[in-house]
Amino acid sequence: MDEEKLNIIMKLIINGGSAKSSAVEAISAAKQSNFELAEKKLKEADDFLIKGHNAQTGLLSAEAANEYQDSTSLIMVHAQDHIMTAIAFKDLARKIIDLYRIINKMKGEK
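Everything numeric here is computed off the predicted structure, so don't read it as measured data.

A. How the structure looks around the pattern of salt bridges. Under the counting rule described, the total for this entry stands at eight salt bridges. In this structure, Arg94 engages Glu39 in a salt bridge whose closest nitrogen and oxygen atoms are separated by 2.7 Å. One end of the pair, Arg94, is in helix H3 (residues 74–106); the other, Glu39, is in helix H2 (residues 35–64), with 55 residues separating them in the sequence. The closest approach of N and O atoms between Glu39 and Arg101, which form a salt bridge, is 2.8 Å. With Glu39 in helix H2 and Arg101 in helix H3, the pair connects residues that are 62 residues apart, well separated along the chain. The exposure class assigned to Arg101 is partly exposed, which follows from its relative accessible area of 32%. What you see here is one network of salt bridges that share partners, running through Glu39, Arg94, Asp98 and Arg101.

B. View of the packing of helix H1 (residues 3–31) against H3. At their nearest, the axes of H1 and H3 sit 8 Å apart, and the two run at 15 degrees to each other. Of the possible angle classes, the one that applies to H1 and H3 is roughly parallel. By crossing handedness, the relation of H1 to H3 is classed as left-handed. Its residues assigned to classes, the contact of H1 with H3 shows 21 nonpolar, six polar and four charged.

The rules behind the values
- Residues numbered from 1 in each chain as written.
- Predicted model: local features only at pLDDT ≥ 70, side-chain atom pairs only at ≥ 80, totals over all residues.
- Heavy atoms only, no water.
- Salt bridge = Lys/Arg side-chain N within 4 Å of Asp/Glu carboxyl O.
- Helix = DSSP H or I, 4+ residues; strand = E, 2+ residues; numbered from the N terminus.
- Buried < 20%, exposed > 50% of the residue type's maximum accessible area, 1.4 Å probe, protein only.
- Axes fitted to C-alpha atoms, helices over the stretch in contact; angles between N-to-C directions.
- Parallel < 35°, antiparallel > 145°, perpendicular 65-115°, else oblique.
- Left-handed = near helix turned anticlockwise from the far one by under 90°.
- Nonpolar A, V, L, I, M, F, W, Y, C, P; charged D, E, K, R; others polar.

That is the geometry; function is a separate question.
Rendered as structure tokens:
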């Protein structure tokens, strides 16, 4: 595997992990009724996912152009797993934050 491809794969892993961490922080903020911070952290997660998606698109484009012969590797599967898990986790975080908002309304809080 060449260095350029490895760098792209690492971007997938890093941005996927960062997006998931931001989503976890968003849930924690919502649990403390800090919905402004929760929304900020969800936006941060989205920004990391966009970076990851851009890296993924570049890799897929290069593969489609036949620039990479052996496109499947364990590290590539791992990188894709990070992105997909982060997307699912961010979506779940949105739902959890919405539930915290409902709970706060029911309790008479902001």
